[in-house]
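# A closer look at the structure
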Amino acid sequence: MSDTQSLIENRPPSVATLFLERVEATPDAEAYRYPVIRASGEGPDEWRSYSWGEAAERVFALAAGLMELGVGPEERVAIASGTRIEWILADLGILCAGAATTTVYPSTNAEETAFILADSESTVLVAEDASQLAKVREHRAELPKLAHVVLIDGEPAPGEAEEGWVLSFAELERRGTAYREKHPDAVTDVVRGLRSDQLATLIYTSGTTGRPKGVRLAQDAWSYMAKAIPQTGLLTPDDVQYLWLPLAHVFGKMLISAQIDAGHVIAVDGRVDKIIENLPVVQPTKMCAVPRIFEKVYNGVAQKARAGGSAKYKIFQWAAEVAREYARTTQDNQRRTGTPSAPAGLKVKHAIADRLVYSKLREAFGGRMVGCVSGSAALAPDLGYFFAGAGIPVLEGYGLTESSAASFCNRTDNYRTGTVGKPMPGTEVRIADDGEVLLRGPGIMQGYHGLPDKTAEVLEEDGWFHTGDIGEQSDDGYLKITDRKKDLIKTSGGKYISPAEAEGQFKAVCPYVSNILVHGAGRNFCTALIALDEPSIMAWAADQEALKGKPYETVVVSEEVRTLIDGYVEELNSGLQRWQTIKKFRVLPRDLDIEHGELTPSLKLKRPVVERKFGDLIEEMYAGARER
């Protein structure tokens, strides 16, 4: 048995156990950084730190506070909050109390929030602020098991405080501190008694259709992830990770588990609009994100170069192609010979491009970035090659809520753009006859909460989980996801088409696109709905005499924009098979977003919702089309 295998197979029963071990081993080492946001909103935020020992004091107080409220083993405590230090402290407090965390996105509406709390039978809700409290107050009659709401920000109204239904975060900690004075070993006794099969987390899939399902993840799933991730070399004790991802999502939850075993620093701030400002301050070595962030960065850099004049833009375009060529060449050579080499001429071009373009991009990322990890959806390979060639490798990974996030991931020392890497240590993979990816291992869910029939549809008795994704695995273990099984399009001519393939390629060629949906199921040709990124297209419009000063709503429906986008569609089509090409498209009047229900909180496209909302545009494209 290898050392890696031994570490994973002999893992402790829970992340709470790992947390106690980490605190005992390195109590004075830095654990977390977090911003103290200025009330005025003006000027840079002040960043502060917690050592592992300081964090533990708060975690144990919160855990004891929950015990004092009567929370028992495996009882659900929900968190409805954005990504912030208190989310992590609350989650660890819940786990150290032996309870289970129910995650709720702060963007979830009142009706769905109430559904999640009722379905999970959560007895306590940790709410970020008054707006989250208002959601459950509105549906309180439907939530008889919800005994308490704990407010992170703000104070409870006098009536609700007297009733005991609402209390502040500080009050919960005060109660916990008093409880620990009477029962000093209460928290450690609970943690020592945890079993690996006990429920640790209920994460509700945001789902692209229908009601969300509660995914039951055991203590062992997170203990396994905490041990497996550092063994890949993706996270090391010396790393500083910038964490902005939603912690209600399995991706973010996995990262805070892995950090405890690795022992590195996490700088946590969920404000997406602060990412560019925070990176030079935090100077992280690692950051995880979803593809949309890398698309935005690339489009922003391209637009900035364009704004600098034609000469500067040509230099950027040249440098971008050099980056892609350099990345493809070095990766191909590593695959063939084991060495990521490149010809002398390409090395010279790459060095010049580095001085002119790439070095400035790395500085924008903080100057110390070793690599980023991308998950949740596919990253267009051209974008992956660009960042790799620019010295900021974006390592794609793959997993689902049902597999505790990370089932595959590329490694920094041997990654292949366009793949999601090799399996995590301890995870088995099988490709079914129809191409579906099947997984088995400690990270796989126990099942869907209260839905045995739904569980049986995807989880076999011998532990194999049906992912619903189509993929191909190389002889040396690298997996390439080609599409969602249910998203494959079969045209009326009988051809199967992967919409994700065309959508990803379009995002790589068009710097103005925000979202694209390729449609064609049962039709005789493919069409597309295209949403444009407002900052990028408005910067372009400012240079067009006919569009200067016009609002976004006017710009996107203009003939000038249609002509612009048509050029990129033609460029896309030149690289597709005839039956894959986009024959018609429509530019949407606005961008797709979470608020309108068209994107999940992890920014995945909800195809049925978009097709329903913009069905008139789809039908318009097919009106009068001759069937073949």
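I will try to describe carefully the structure that is included in this document. Numbering of residues starts from 1 in every chain and runs along the sequence as written. In keeping with the model being predicted, local features are shown solely for residues with a pLDDT of at least 70 and side-chain atom pairs are shown and tallied solely at 80 or more, while totals for entire chains, interfaces and linings include all residues. Working from all heavy atoms in the structure, the side-chain values ignore hydrogens and water.

Comment: elements are numbered from the N terminus, with helices defined as DSSP H or I runs of at least four residues and strands as E runs of at least two. Expected helix span is taken as 1.5 Å per residue step, with the number of steps being one fewer than the number of residues. In this model helix α8 (residues 169–182) runs 21 Å from its N-terminal to its C-terminal C-alpha over 14 residues, within 8% of the 20 Å that 1.5 Å per residue would give. Residues of α8 that are buried in the fold lie against α3 (52–68), α4 (85–96), β5 (124–127), β6 (148–151) and β7 (166–168). Note on definitions: a residue-residue contact is assigned when non-hydrogen atoms from the two residues lie within 4.5 Å.

Within a sheet, each strand pairs with its neighbour through backbone hydrogen bonds, oriented either parallel or antiparallel. In spatial order, the strands read β24-β25-β26; together these three strands make up an open sheet with mixed pairing. Only two strands of the sheet have a single partner each, and these edge strands are β24 (513–519) and β26 (582–587). For this sheet the average axis-to-axis angle between neighbouring strands, irrespective of direction, equals 25°. Strand pairing requires that DSSP identify at least two bridges connecting the strands. The pairing of β24 with strand β25 (residues 526–532) spans six bridges and is antiparallel. The partner of V513 across the bridge, within β25, is L532. As a rule, the C-alpha atoms of each element are fitted with a line to give its axis, helices using only the stretch in contact, and angles between N-to-C directions run from 0 to 180 degrees. Strands in contact with helix α23 (residues 615–622) are β24, β25 and β26; relative to β25, the strand with the most contacts, it is inclined by about 140°.

By convention in these notes, a salt bridge is any Lys or Arg side-chain nitrogen within 4 Å of a carboxyl oxygen on Asp or Glu. In the structure shown here, the tally under the stated rule is 40 salt bridges. Between R175 and E171 there is a salt bridge; the shortest N-O distance is 3.2 Å. Residue R175 and its partner E171 are both found in helix α8; the two are separated by four residues, about one turn of the helix. Of the residues examined, R175 reaches a relative accessible area of 28% and is grouped as partly exposed. Its salt-bridge partner being R271, residue D269 comes within 2.8 Å of it at the nearest N-O pair. Partly exposed describes any residue whose relative accessible area lies between the buried limit of under 20% and the exposed limit of over 50%, with all areas from a 1.4 Å probe on protein chains only and scaled to the type maximum. Judged by its relative accessible area of 4%, D269 falls in the buried class. Beyond isolated ion pairs, a larger network of salt bridges with shared partners links R292, E295, K296, K507 and D533.

In this section: unusual backbone geometry. Residues other than glycine seldom take positive phi values, yet Q283 does so here, at roughly 50°. Mapped onto the fold, Q283 is located in the loop between α12 (275–282) and β12 (286–289). Accessibility expressed as a relative area gives 36% for Q283, which makes it partly exposed. Within the chain, A405 stands out as a residue other than glycine whose phi angle is a positive 90°.

Turning next to the packing of helix α2 (residues 15–25) against helix α11 (residues 250–262). Remark: α2 packs on α11, axes separated minimally by 9 Å, with the N-to-C direction vectors making an angle of 35°. Classified by chirality, the crossing of α11 by α2 is left-handed. Of the residues in α11, those touching α2 at V15, L18, F19 and R22 are S257, I260, D261 and A262. Looking at side-chain class alone, the contact of α2 with α11 contains five nonpolar, one polar and two charged residues. When the near helix sits turned anticlockwise from the far one by under a right angle, the crossing is termed left-handed; a clockwise turn instead gives a right-handed crossing. When residues are sorted by character, Ala, Val, Leu, Ile, Met, Phe, Trp, Tyr, Cys and Pro go into the nonpolar class, Asp, Glu, Lys and Arg into the charged class, and all the rest, Gly among them, into the polar class.

The subject of this paragraph is the environment of N410. Looking at the element boundaries, N410 is found in the loop between β15 (408–409) and β16 (422–423). By relative accessible area, which is 2% here, N410 ends up buried. The spatial distance from the C-alpha of N410 to the C-alpha of L479 is 9.6 Å, given a sequence separation of 69 residues. The residues touching N410, leaving out its near neighbours within four places in the chain, are L234, L395, E396, Y415, R416, T419, V420, G421 and Y478.

What follows concerns a nonpolar patch on the surface. A surface patch of nonpolar side chains, about 400 Å² in accessible area, is lined by I315, W318, V348, I352 and L356. Of all the elements in the fold, those that place two or more residues in the nonpolar patch are α14 (310–337) and α15 (344–364). The element best represented in the nonpolar patch is α15, accounting for three residues. Its location among the elements puts I352 in helix α15. Distance thresholds for patches are 9 Å for like charges and 5 Å for nonpolar side chains (Val, Leu, Ile, Met, Phe, Trp, Tyr), applied to residues having over 30% relative accessible area and no salt bridge. Per-residue and other accessible areas were derived by the Shrake-Rupley procedure at a 1.4 Å probe size, with only the shown protein chains allowed to occlude residues.

Attention now moves to the side chain of T103. Note that T103 resides in strand β4 (residues 100–104). Given the relative accessible area of 3%, T103 is considered buried. Polar contacts, as used here, are pairs of N or O atoms within 3.5 Å; protein pairs need one atom able to donate a hydrogen and one able to accept it. Residues neighboring in sequence count only if both atoms are side-chain atoms. Only 3.0 Å separates the side chain of T103 from the backbone oxygen of A248, close enough to count as a polar contact. Among residues more than four places away in sequence, those in contact with T103 are I79, W87, I116, T201, L202, I203, Y204, L247 and A248.

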